[in-house]
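Here's the letter readout for the chains.
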Amino acid sequence: MEGKRPAVRRSLTEIKEYVPGKSIEYVKEKFGLDRVVKLASNENLYGASPKAIEAFRNFKDLHLYPPSQSEELIERISEYIGIEKSRIVIGSGIDGILEGTFNIFLEKGDTVSLSPPTFPYYTTLATIHGARIEKLKRDKDFQIKVSNIPKSKITLICSPNNPTGNLENPETVKRIVEESQGMVFIDEAYVEFASSDLLEFTEYENVILARTFSKAFGLANLRIGYAIMPEWVKKEYIKVTTPFPVSTAAIKAACAALDDLDYMKSAVERIKKDRERLFNELLSLGVEVYPSQANFLFMRVNPSFCDEMMKRGVIVRDCSSFDGCRKGDVRVSIGRTEDNEYFLEKAKEVLG
Ligand code: PMP
């Protein structure tokens, strides 16, 4: 390599490199195992609707750019959630929509409020933008507590929260939305697994609510999500987003998934049933496990738990590096029933 290295943005020095979890192949080889189950990324292991897979496969015009905002998909989403089309945007996952939102509102030195432990990408994005981070406290059930309303440009609310699995109290959300001077970004990545939602807040001029096809719909690999935002924000969003954020193959798959809601609902029902079974089994083993409204459980166990489980062929998420978590904090995704049984069998060995 020759020449000079120009300086990268100073804010990047504060960002730790992302360390991905171990892959199934790595664990198989390292421990000489035939069966390894990965319950670390909150994926839907039942997979996408076969109709979505077929729609993805049938798309052949790979040489053409996709539409910037697919009317066809926006119409389907509008029917699915009962919100008018003019307030819906499509993006490359909630990740992409978060990026767009930060690009619209944040100036260097602005404040972003978030409530650890929560989805780590919020902090990464805020840091890239040179924002100051204000941390909102949580109570012992992990619900956000607000004494003073944040004076920030963006407040992030994740409900159900990753990694703790709890819903936020609508009263708290209402206070933040009504009293905050800035935008409130509500992340409902896991809403299909929950008993209630915060959609009512999309009636406010300062709220963006984002959802995804990555979780309940099982399309994580296609990078497709959407948001409901006021029309004045949508106008700005269209200016800042990359011109073609989602491929047509992904759009077609998402449309087909919305035409096959029964498939998604049946997987969600199975996951919810298993979530309750695992929760009760872990409780009866004396584990400090928390009730969840998402497709994962959060628990506080011995710090050696993740390594011991990995040796036995189960990859779970060690959350000790999450801001606001401690050693021994673990998140386990709810997989297919056979995966969950395998997890339980091995967890009994490790905990017993
Ligand atoms: N928000 C939360 C709370 C998440 O857990 C995730 C995925 N891990 C995302 C957003 C990202 O979702 P997407 O795949 O739609 O970018």
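What you are looking at is a predicted structure, and each value in this text was computed from that prediction instead of being measured.

Peer 1: Where do I start with the site of the ligand in this structure?
Peer 2: Taken together, 13 residues lie near the ligand, and Asp187, Tyr190, Thr212, Ser214 and Arg223 sit nearest. Ile94 has a polar backbone atom sitting 2.7 Å from an oxygen atom of the ligand. Interatomic distance of 2.6 Å between a side-chain N/O atom of Tyr190 and an oxygen atom of the ligand. Computed on the free molecule, the ligand has an accessible area of 400 Å², of which 91% lies beneath the protein chains in the complex. Most atoms of the ligand, that is more than half of them, are within 2 Å of grid points of the largest pocket.

Peer 1: It is not clear to me how empty space enclosed by the protein should be interpreted in this structure. Could you clarify?
Peer 2: Where empty space is left in the structure can be found by rolling a water-sized probe over the atoms. In total, this model carries two cavities of 30 Å³ or more according to the counting rule given. Estimates place the volume of the largest cavity at around 50 Å³. Forming the walls of the largest cavity are Asn44, Gly47, Ser49, Ala216, Phe217, Ala257, Asp260, Tyr263, Met264 and Ala267. At three residues, helix α9 (residues 261-284) tops the list of elements feeding residues into the lining of the largest cavity. The residue inventory of the lining of the largest cavity, partitioned by class, reads six nonpolar, three polar and one charged. Each of domain 1 (12-47 + 262-351) and domain 2 (50-260) contributes no fewer than three residues to the lining of the largest cavity. Every residue along the wall of the second largest cavity is listed here: Lys38, Leu39, Ala40, Ser41, Asn42, Glu43, Leu45, Ser333, Ile334 and Gly335. Within the lining of the second largest cavity, the residues separate by chemical class into four nonpolar, four polar and two charged.

Peer 1: Is there a simple way to explain the domain arrangement of the protein chain in this structure?
Peer 2: When the parts come together, some accessible area is lost, and that loss is often what is quoted as the size of the interface. As assigned here, the protein chain comprises domain 1 (12-47 + 262-351) and domain 2 (50-260). The centre of domain 1, based on its C-alpha atoms, is set 24 Å off from the matching centre of domain 2. Counting residues at the interface gives 29 residues for domain 1 and 29 residues for domain 2. Between domain 1 and domain 2, the buried area comes to about 2400 Å², and carbon and sulfur atoms account for 64% of it. The largest per-residue losses of area from domain 1 upon contact with domain 2 belong to Met264, Gln293 and Asp323, which jointly make up 26% of the total buried on that side. Inspection of the region where domain 1 meets domain 2 yields one salt bridge. Of the charged contacts in the structure, one is a salt bridge between Lys135 and Asp323, with a shortest N-O distance of 2.9 Å. Our count for the domain 1 to domain 2 interface comes out at ten residue pairs in polar contact (both at pLDDT 80 or more). Going through the elements one at a time, α9 and β10 (296-300) are the ones with two or more residues in the side of domain 1 that touches domain 2. It is α9 that contributes the most residues to the side of domain 1 that touches domain 2, seven residues altogether. Across the side of domain 1 that touches domain 2, the residue classes tally to 14 nonpolar, eight polar and seven charged.

Peer 1: How should I be thinking about the pairing of strand β2 (residues 88-91) in this particular structure?
Peer 2: Walk down a regular strand and you will see the side chains alternate between the two sheet faces. Both faces of β2 are covered, namely the face carrying Ile88 and Ile90 and the face carrying Val89 and Gly91. Note that β2 and strand β8 (residues 225-228) share four bridges and pair antiparallel. In the sheet register, Ile90 faces β8, and the bridge partner there is Tyr226.

Parameters and conventions
Residues numbered from 1 in each chain as written. Predicted model: local features only at pLDDT ≥ 70, side-chain atom pairs only at ≥ 80, totals over all residues. Heavy atoms only, no water. Near = heavy atom within 4 Å. Polar contact = N/O pair within 3.5 Å; in protein donor to acceptor, adjacent residues only side chain to side chain. Areas by Shrake-Rupley, 256 points an atom, 1.4 Å probe, with all protein chains shown as cover. 1 Å grid on protein atoms, 1.4 Å probe; cavity = no way out; pocket = protein on both sides within 12 Å on 5 of 7 lines; lining within 4 Å. Sits in = over half its atoms within 2 Å of the grid points. Points joined across faces, edges and corners; volume = space filled by probe spheres on them. Helix = DSSP H or I, 4+ residues; strand = E, 2+ residues; numbered from the N terminus. Nonpolar A, V, L, I, M, F, W, Y, C, P; charged D, E, K, R; others polar. Domains from an automatic or database assignment. Contact = heavy atoms within 4.5 Å. Buried area = accessible area lost by both parts, 1.4 Å probe. Salt bridge = Lys/Arg side-chain N within 4 Å of Asp/Glu carboxyl O. Buried < 20%, exposed > 50% of the residue type's maximum accessible area, 1.4 Å probe, protein only. Pairing = 2+ DSSP bridges.

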